[in-house]
Amino acid sequence: MAEIKYLDLENLNDEERRVLDEIVENWAKCNQVCDVAVPKKKREYGLEKVDEYMRVLPGADYVLTQTLNYIFSNGLTTGSINEDLVLDKFLYRKNDRGTTNLHELRDTIGMAITHGASGLRWLNGNVYQYKWGCYRVLTLLRNGIETVVGYIVSKDGKFVPPIKFDFTKYTEYEDFLRDLDEKKLILLDTNDFMVIRNDTSLPYGHSPLLRDEARLDLLTAVYERLNYDIRYDGPGRIIIRPKDGFVSGDMNDISTTAVISEALKQQKKDNDSMLKEAKRVARQLQGSSSDSVIVLSNAFSDKIEHLERVTKATEFFTWIKNDTLLLAQDFGMSPSLLELGNVSGNVSMTSIIDLAMLNSIVPLRERYAVQFSSFIASHLKVGKVYFNLYEMAQQEDENTMRTKIVNIMSLLNAMHDEN
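Residues numbered from 1 in each chain as written. Predicted model: local features only at pLDDT ≥ 70, side-chain atom pairs only at ≥ 80, totals over all residues. Heavy atoms only, no water.

## Focus on the pattern of salt bridges
- All chains considered together, the criterion is met by seven salt bridges.
- When the shortest N-O distance is used, the salt bridge between lysine 49 and glutamate 213 registers 2.7 Å. In this pair, lysine 49 sits in helix α2 (residues 48–56) while glutamate 213 sits in helix α7 (residues 213–231), placing the two residues 164 residues apart along the sequence.
- Residue classification places lysine 49 among the partly exposed positions, given a relative accessible area of 30%.
- Close ionic contact of aspartate 212 with arginine 215 constitutes a salt bridge, the shortest N to O distance being 3.0 Å. (Salt bridge = Lys/Arg side-chain N within 4 Å of Asp/Glu carboxyl O. Helix = DSSP H or I, 4+ residues; strand = E, 2+ residues; numbered from the N terminus. Buried < 20%, exposed > 50% of the residue type's maximum accessible area, 1.4 Å probe, protein only.)

See the structure below:
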């Protein structure tokens, strides 16, 4: 199907008219009001926090990059030598952004892993990634199933807010198109746009990082606390007591009773002076460093107490070493492929890698390949597109060893015949 053009509404061709009629007719079936598929609560789609996790956590980019490296490590294929030539030409062709289609597809899957979903648009023979928030999924409820009937994307790449369409106010299809055009939105059908998701049961998938907020929030808090401790070389919590005689009367003519009852004006003046002095010293202590010099007046006792923290950030040094391990778990990546975690027992690394690839990477490949395969294949006029099979390293080692044994036996047999 062709993309609907909004700049020439009066001259739609037959194909564009048919696409428009089909999409709008589907929307009109949902009781005159069709909703854009968005979660009810804003926080559930508040993926700004995922952006913050990816920015703050030091191991996030490494784990994601390595996950994508393993997913694409065996390349894409069609299963046919001739069709592979068409696929390779497409994958390594640069689009108008100056990036290859392979790079766009890789970034789309990467955002699906971290944020739950990412849009992929076909335009003029190339694909383009649409980040979360720059597109909306249009659905209608049919036989208890939320069916995707189209997509709305932003013309300028900006955020697309949740929208509801009330078809009772449109007398003609062109009125609806003009309404979209005024909002700087583009209407696309399922042949020109798709959303790659980590969970196909949800229109926008789900972010695994938001399901692990408790641990990730603790990680970010620990890093912030450690960085604060490094930047601020302060004394911590300190208790300084006033000298007994300053307010109690042990070294002054003013008694404690007089101070409390505020019977004498001079007593109140002395008490206010002590409070001002205490505030001054407190401010100096708060902004001090290890090489600061602070002078105390004779209003304070020489008994100074330093209170230690109940929980020190340094106690988390061992724990924060596992940040990449936590992220690998969230992304569905085997820690052994990232050389994380402890491996015990008489197990070869070859076996560990083979098991990790089969149990983690291959399922990840299938999860996303089944979504984009027909989308890309239909435009390239090839049968299907999928990831190349992983060849087990352990099996290769065993075959190599058998080959060596056969060669040695053949050599010994030849030497025996010569003798």
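## Description of the packing of aromatic side chains
- The full count for this structure, using the stated rule, is seven aromatic pairs.
- Ring geometry for phenylalanine 72 versus phenylalanine 387: centroids 5.2 Å apart, planes at 80°, classification edge-to-face. In this pair, phenylalanine 72 is assigned in the loop between α3 (60–71) and β2 (76–77) and phenylalanine 387 in strand β12 (residues 386–387), connecting sequence segments 315 residues apart. In terms of burial, phenylalanine 72 and phenylalanine 387 fall into one category: buried.
- Aromatic ring contacts, followed pair by pair, group Tyr130, Tyr135, Tyr151, Phe193 and Tyr204 into a single cluster. (Phe/Tyr/Trp six-rings, centres within 6.5 Å; stacked < 30°, edge-to-face > 60°.)

## Overview of the packing of α3 against helix α5 (residues 101–115)
- Relative to each other, α3 and α5 sit at 125°, their axes nearing to 10 Å. Judged by the angle between their axes, α3 and α5 are oblique. When you trace α3 past α5, the crossing you get is right-handed. Residues Leu64, Thr65, Thr67, Leu68, Asn69 and Ile71 of α3 form the contact with α5, whose participating residues are Arg106, Ile109, Gly110, Ile113 and Thr114.
- Here the contact of α3 with α5 is built from residues that sort into five nonpolar, five polar and one charged. (Axes fitted to C-alpha atoms, helices over the stretch in contact; angles between N-to-C directions. Parallel < 35°, antiparallel > 145°, perpendicular 65-115°, else oblique. Left-handed = near helix turned anticlockwise from the far one by under 90°. Contact = heavy atoms within 4.5 Å. Nonpolar A, V, L, I, M, F, W, Y, C, P; charged D, E, K, R; others polar.)

## Notes on the side chain of serine 360
- Secondary-structure assignment places serine 360 in helix α13 (residues 349–380).
- Here serine 360 is in contact with Gly332, Met333 and Ser334, once residues within four sequence places are set aside.

## A closer look at the side chain of serine 118
- Structurally, serine 118 is set in strand β3 (residues 117–123).
- Given the relative accessible area of 0%, serine 118 is considered buried.
- Among the polar contacts made by the side chain of serine 118, one reaches the side chain of glutamine 129 at a distance of 3.2 Å.
- In this structure, serine 118 is in contact with Thr108, Met111, Ala112, Gln129, Tyr130, Tyr135, Met194, Val195 and Ile196, ignoring residues within four places of it in sequence. (Polar contact = N/O pair within 3.5 Å; in protein donor to acceptor, adjacent residues only side chain to side chain.)

## With respect to the pairing of β3
- β3 sits mainly inside the fold: six of its seven residues count as buried.
- Taken together, the five bridges between β3 and strand β9 (residues 193–197) define a ladder with antiparallel strand orientation. Note on β9: the bridge partner recorded for arginine 121 is phenylalanine 193.
- Across five bridges, the pairing between β3 and strand β4 (residues 126–130) is antiparallel. Bridge pairing in β4 places arginine 121 opposite tyrosine 128.
- Once β3 ends, the chain turns through two residues before running back antiparallel as β4, passing asparagine 124 with a positive phi of about 55°. (Pairing = 2+ DSSP bridges.)

## Focus on helix α12 (residues 323–331)
- Most of α12 is tucked away: eight of the nine residues are buried.
- Within the span of α12, buried status applies to Asp323, Thr324, Leu325, Leu326, Leu327, Ala328, Asp330 and Phe331.
- Glycine 332 sits one or two residues past α12 and shows a positive phi near 75°.

## Some points on the environment of leucine 358
- Counting through the fold element by element, leucine 358 comes out in helix α13.
- The exposure class of leucine 358 is partly exposed, given its relative accessible area of 36%.
- Note: C-alpha distance between leucine 358 and glutamate 391 (33 residues apart in sequence) is 9.9 Å.

## Let's talk about the nonpolar core
- Leu76, Leu105, Ile109 and Phe372 are the most contacted members of the largest nonpolar core, which totals 56 residues.
- In terms of residue count, α13 provides more of this core than any other element does, 11 residues in total.
- Contact partners of isoleucine 109, with chain neighbours within four places excluded, come to Leu68, Phe72, Tyr368, Phe372 and Phe387.
- Tyr130, Tyr135, Ile186 and Tyr204 belong to the second largest nonpolar core, which has 13 residues in total. (Core = buried A, V, L, I, M, F, W, Y, C linked by side-chain atoms within 4.5 Å.)

Purely spatial values, then, with no claim about function.
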